[in-house]
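Descriptive analysis of the structure
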Amino acid sequence: MPGRLLRALGGLALPGCVLFAACMLAWRVSFVAALPERTLRLACLAVIGLGLLLSTVFRRSRLFFAFLLLFLTWFSVDRLVPTLPTPGIAQAVINATAALLALNMGGLALLRDRGVISPPGLRRLMLVAIQICVVVAIALPSQARAAALLQRSFVEPRFTQWSRIAQPVMVVFAAAALLLLVRLLWKRRPVDNGLFWALTTIFFGFNTRAQAFGIYVTAAGLILCLAVLETSHIMAYRDELTDLPGRRALNESLLKLGSSYAVGMVDVDHFKRFNDEYGHDAGDQVLRKVASKLASVGGNGKPYRYGGEEFAVIFTGKSVEEAYVHLDRVRKDIEEAGFGIRGRDRRKRRRKKGGAQTEVTVSIGIAGNARGKVEAKEVVQAADKALYRAKQCGRNCTIAGEVAC
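Residues numbered from 1 in each chain as written. Predicted model: local features only at pLDDT ≥ 70, side-chain atom pairs only at ≥ 80, totals over all residues. Heavy atoms only, no water.

In this section: a nonpolar patch on the surface. Nonpolar side chains collect at one region of the surface, where Leu50, Leu53, Val57, Phe58, Leu226 and Leu229 lie side by side and expose about 520 Å² of accessible area between them. Among the elements that line the nonpolar patch, the one with the most residues is helix α4 (residues 37–57), at three residues. Following the sequence through the fold, Phe58 ends up in the loop between α4 and α5 (61–80). (Patch = residues over 30% accessible without salt bridge, like charges linked within 9 Å, V, L, I, M, F, W, Y side chains within 5 Å. Areas by Shrake-Rupley, 256 points an atom, 1.4 Å probe, with all protein chains shown as cover. Salt bridge = Lys/Arg side-chain N within 4 Å of Asp/Glu carboxyl O. Helix = DSSP H or I, 4+ residues; strand = E, 2+ residues; numbered from the N terminus.)

With that settled, consider the layout of surface pockets. Volume-wise, the second largest pocket comes out at about 350 Å³. The wall of the second largest pocket is formed by 21 residues, among which Glu37, Asp78, Ala210, Gln211 and Ala212 lie closest to the centre. If you list the elements that add at least two residues to the lining of the second largest pocket, you get α4, α5 and α11 (213–237). If you tally residues by element for the lining of the second largest pocket, the top one is α4, at four residues. Counted by class, the lining of the second largest pocket contains 14 nonpolar, two polar and five charged residues. (1 Å grid on protein atoms, 1.4 Å probe; cavity = no way out; pocket = protein on both sides within 12 Å on 5 of 7 lines; lining within 4 Å. Points joined across faces, edges and corners; volume = space filled by probe spheres on them. Nonpolar A, V, L, I, M, F, W, Y, C, P; charged D, E, K, R; others polar.)

The subject of this paragraph is the sheet that holds strand β1 (residues 261–268). Think of a sheet as strands paired side by side through backbone hydrogen bonds, with each pair either parallel or antiparallel. Strand order in the open sheet formed by five strands is β2-β3-β1-β6-β7, and the pairing between neighbours is mixed. Of all strands in the sheet, those with a lone pairing partner are β2 (302–307) and β7 (398–400), marking the two edges. When the angles between neighbouring strand axes are averaged without regard to direction, this sheet yields 20°. Relative to strand β6 (residues 362–369), helix α17 (residues 376–392) is tilted by about 145°, and along the sheet it contacts β1, β2, β3 (310–316), β6 and β7. (Pairing = 2+ DSSP bridges. Axes fitted to C-alpha atoms, helices over the stretch in contact; angles between N-to-C directions. Contact = heavy atoms within 4.5 Å.)

As a further point, take the packing of α5 against helix α6 (residues 87–110). What describes two packed helices is the angle between their axes and the distance between those same axes. With their axes 10 Å apart at the nearest point, α5 and α6 run at an angle of 175° to one another. Taken together, α5 and α6 sit at an angle that is classed as roughly antiparallel. Within the contact between the two elements, α5 uses Arg62, Phe65, Ala66, Leu69, Thr73, Ser76 and Leu80 and α6 uses Val93, Thr97, Leu101, Asn104, Met105, Leu108 and Ala109. In terms of residue class, the contact of α5 with α6 is made up of nine nonpolar, four polar and one charged. (Parallel < 35°, antiparallel > 145°, perpendicular 65-115°, else oblique.)

Turning next to the confidence of the model for the protein. Taken as a whole, the protein shows an average pLDDT of 84; of its residues, 88% reach a score of 70 or greater. In the model, residues 344–355 has pLDDT below 50 throughout and makes twelve contacts with residues more than four positions away in sequence or in other chains. (pLDDT = per-residue confidence, 0-100.)

A separate point is empty space enclosed by the protein. Counted according to the given criterion, the structure contains one cavity of 30 Å³ or more. If you add up the space inside the largest cavity, you get close to 30 Å³. As for the largest cavity, its lining consists of Pro15, Gly16, Pro190, Asn193, Gly194, Ile223, Ala227 and Glu230. Those elements that provide at least two residues to the lining of the largest cavity are α10 (190–206) and α11. Taken together, the residues of the lining of the largest cavity sort by class into four nonpolar, three polar and one charged.

One way to put it is that α4 packs onto α5 with a least axis distance of 8 Å and a crossing angle of 160°. When the interaxial angle is binned, α4 and α5 end up roughly antiparallel. Remark: the crossing between α4 and α5 carries left-handed chirality. Between α4, through Arg41, Cys44, Leu45, Val47, Ile48, Gly51, Leu52, Ser55 and Thr56, and α5, the contact on the second element is made entirely by Leu63, Phe64, Phe67, Leu68, Leu70, Phe71, Trp74, Asp78 and Arg79. Split by residue class, the contact of α4 with α5 holds twelve nonpolar, three polar and three charged. (Left-handed = near helix turned anticlockwise from the far one by under 90°.)

Let us look at the nonpolar core. Counting 57 residues, the largest nonpolar core has Ile165, Phe173, Leu195, Phe206, Val217 and Leu224 as the members making the most contacts within it. Elements with a minimum of two residues in this core: α4, α5, α6, α7 (119–138), α9 (167–187), α10 and α11. With twelve residues, α6 is the single largest residue contributor to this core. When neighbours within four sequence positions are excluded, Ile165 is seen to be in contact with Gln91, Ile94, Asn95, Ala98, Met170, Phe173, Phe203, Phe206 and Asn207. Membership of the second largest hydrophobic core comes to 28 residues, among which are Leu244, Phe271, Phe311 and Val362. (Core = buried A, V, L, I, M, F, W, Y, C linked by side-chain atoms within 4.5 Å. Buried < 20%, exposed > 50% of the residue type's maximum accessible area, 1.4 Å probe, protein only.)

Turning next to the pairing of β3. Within β3, six of the seven residues are buried, leaving the element largely enclosed by the surrounding structure. Sheet analysis places β1 next to β3, joined by seven bridges and oriented antiparallel. Among the inter-strand pairings, Val266 is bridged to a residue of β3, identified as Phe311. Across five bridges, the pairing between β2 and β3 is antiparallel. Bridging across to β3, Pro303 finds its partner in Val313. Here β2 folds back onto β3 in antiparallel fashion, the turn holding two residues, of which Gly308 has a positive phi close to 60°.

On to the pairing of β6, then. With respect to burial, β6 is a largely interior element, seven of its eight residues being buried. Across eight bridges, β1 lies against β6 in antiparallel orientation. Among the inter-strand pairings, Val263 is bridged to a residue of β6, identified as Ala367. Relative to β7, β6 runs parallel, the two sharing three bridges. Its bridge partner being in β7, Ile366 is matched across the sheet by Ala400.

Turning our eyes to something else, we now look at the packing of aromatic side chains. By the definition in use, this model includes eleven aromatic pairs. Consider the rings of Phe20 and Trp197, whose centres lie 6.0 Å apart with planes at 35°: the pair is tilted. Of this pair, Phe20 sits in helix α2 (residues 16–26) while Trp197 sits in helix α10, and the two are 177 residues apart along the sequence. This pair shows no difference in class: Phe20 is buried, exactly as Trp197 is. (Phe/Tyr/Trp six-rings, centres within 6.5 Å; stacked < 30°, edge-to-face > 60°.)

The structure is reproduced here in structure tokens:
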């Protein structure tokens, strides 16, 4: 339990929190503060450019738009604001830029990756263009009333004097950060991690001296770059449907096993018939349910999506007998849990079947390598043969080794 808790906390804090803390310290270091503005500007643009390239190559459109927003924010604060005629107009542009960045970051967490050069992507680009026009319009003297709305105070100004942005904008940042934090705690996805820590970093960038803003934007860009790479790694090694490690991750884990381990092969019973009767959406729900049960298997077993309706579970340092106890308990849990069919035609099915509940069972085969004399591939094949015997024995059972029917 402590190990799982540490891994969960690490998933929430890393790598964004580390880069955020490094950024907080970096601009206080004398040699960083002494770097020429041109160097800091080039570093910032290089990181954002790299992020735009990576998100395009790996087709992470949400992160592409996050980098685009990051660039526009930097350009507005670093290049546009110093050219404005009065401090009041400059402050209005900073407030509008900060508020729109927070709103967009929160919105990106709720969207899906739908491409950049696609109808949804083009609509998002159009929305960004409209927001650019809004920021430019705020700088016009005729929009003084709109600018004043962003500068209103809800509490005594002395409580927020430390901030360069107005109180309404701080509320927008707080709401967006809360949304991203909830998404991060719920989904624990790299994209949500990157958006949350990038927004946090930029918030502190808005509340520090102007010369350090580029450093904070660079740090936020690095956070998002790592989110792109981590997301792409997960897409390669993790099954999207069940959120379990996939076949490639299993193959790599098998190469790293020691001399003593057990492997369980799990197969959903009558899965094709279930798909034909209830539809593929219901079949996907079954796979997710079985995966969630396997994810909580005891004995430090690690489950993988093997392919189709089949899963594999590795027990490092465990005997076949020990693995049998934990896997058979999961089998019984799946059998006793029942399964509620969800979908658009649920009412029709309920009338037809007399209820929304149906039974899901699995068959399990286990093999082990107690003395390290057999290759992992052979152990998996032995577990597969034990699974086949479990199917022959009537399904919904667990068979280990050469156990007869």
